[in-house]
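Listed here are the chains, written in short residue letters.
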Amino acid sequence: MRKILAGLLSLVGFGNAGAQPPSPPPAEMASGLRSMVLNLTPGEIGLNSDNSQGAVWGIVMETGMDGGFYTLVALADGTTSLYFSTGGGIIGAGEHESVRAASRDFLASANQFASAAAPITDTAPPGRGSTQFFLLTFDGLRSYRAPEVDLGEERDPFAPLFQSGHAVISALRLAQP
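The structure displayed is predicted, hence computed values, not measured ones.

The rules we used
Residues numbered from 1 in each chain as written. Predicted model: local features only at pLDDT ≥ 70, side-chain atom pairs only at ≥ 80, totals over all residues. Heavy atoms only, no water. Helix = DSSP H or I, 4+ residues; strand = E, 2+ residues; numbered from the N terminus. Contact = heavy atoms within 4.5 Å. Phe/Tyr/Trp six-rings, centres within 6.5 Å; stacked < 30°, edge-to-face > 60°. Buried < 20%, exposed > 50% of the residue type's maximum accessible area, 1.4 Å probe, protein only. Axes fitted to C-alpha atoms, helices over the stretch in contact; angles between N-to-C directions. Parallel < 35°, antiparallel > 145°, perpendicular 65-115°, else oblique. Nonpolar A, V, L, I, M, F, W, Y, C, P; charged D, E, K, R; others polar. Salt bridge = Lys/Arg side-chain N within 4 Å of Asp/Glu carboxyl O. Pairing = 2+ DSSP bridges.

Asker: Lay out the environment of A102 in plain terms, naming residues and giving numbers.
Answerer: Within the fold, A102 resides in helix α3 (residues 97-113). Along the chain, A102 and S164 lie 62 residues apart, while their C-alpha atoms are 7.6 Å from each other. The residues contacting A102, other than those within four sequence positions of it, are A167, V168 and A171.

Here's what the structure looks like:
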């Protein structure tokens, strides 16, 4: 988890001694963070099929909104972050036990939906009003996309996963000072 956190912090200009170059624009930072997580391998964070609780070792839930999108990340090593393509976010919140517990539940829920998600290579962020789940599995990246309103109003089979993701977001917000 420390390796992921250090990588995320270095993207936003922390962790290097000396003069810092100007921070990249928010959209560029969000793109870098997304790319880092979506291209991560389980071995990079010390995971393998023997020490993981299921096929899904990470989940990214993204929802498109006016002017951008937000990204929720939960990894089996405890890494949990929420960030916005327009700037800002919460990185490294998995240090809070309440957030870790909600993230574990989110990952357990993701494992129930893994077979219904399709293998993909296109990781473009969702458009306004759409939510996309990226399931990071030992067999590769899988995904499912649906209208946010259908997920929120429980008209989509992935609604329980959406609700579990929002439980993580609630835990993140409550853990903030």
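Structure shown, so let's carry the discussion forward.
Asker: Can you lay out the packing of aromatic side chains for me, pointing to particular residues and giving the numbers?
Answerer: With the rule as written, the count across this model stands at four aromatic pairs. With centroids separated by 6.3 Å and ring planes inclined at 55 degrees, the aromatic side chains of Y70 and F84 adopt a geometry described as tilted. Remark: F84 occurs in strand β3 (residues 80-84) and Y70 occurs in strand β2 (residues 68-75); sequence separation between them is 14 residues. The exposure class assigned to Y70 is buried, which follows from its relative accessible area of 10%. Between Y144 and F158 the ring centres are 3.7 Å apart and the planes differ by 5 degrees, which places this aromatic pair in the stacked class. In this pair, Y144 is assigned in strand β7 (residues 140-147) and F158 in the loop between α4 (148-152) and α5 (159-175), connecting sequence segments 14 residues apart. Judged by its relative accessible area of 2%, F158 is buried. Through successive ring pairs, a cluster of aromatic residues spans F113, F133, Y144 and F158.

Asker: Could you give me a rundown of the packing of α3 against α5, with the residues and numbers involved?
Answerer: A pair of packed helices is characterised by two quantities: the angle between their axes and the separation of those axes. Taken N-terminus to C-terminus, the directions of α3 and α5 make an angle of 170 degrees; their axes are 9 Å apart at the nearest point. Looking at the two axes, α3 sits roughly antiparallel to α5. Note on element contacts: α5 touches α3 through P160, L161, S164, G165, A167, V168, A171, L172 and A175, opposite S98, V99, A102, S103, D105, F106, S109, A110 and F113. Across the contact of α3 with α5, the residue classes break down as twelve nonpolar, five polar and one charged.

Asker: Could you give an account of the pattern of salt bridges, naming the residues involved and the relevant values?
Answerer: If you walk through the whole model with that rule in mind, you get five salt bridges. Note that E62 is salt-bridged to R34, the shortest N-O span being 2.6 Å. Separated by 28 residues along the polypeptide, E62 in strand β1 (residues 56-65) and R34 in helix α2 (residues 26-38) bring together distant segments of the chain. A relative accessible area of 8% means that R34 is categorised as buried. Put simply, R155 and D150 hold a salt bridge, and the shortest N to O gap is 2.6 Å. Look at the salt bridges and you will find they share partners, linking D150, E153 and R155 into a network.

Asker: I'd love a proper account of the sheet that holds strand β6 (residues 130-137), names of residues and values included.
Answerer: With antiparallel pairing, the seven strands of this open sheet are ordered in space as β4-β3-β2-β1-β6-β7-β5. Every other strand in the sheet has two partners, leaving β4 (89-90) and β5 (118-119) as the edge strands with one partner each. Relative to β7, β5 runs antiparallel, the two sharing two bridges. Paired with P119 across the strands is R142, a residue of β7.

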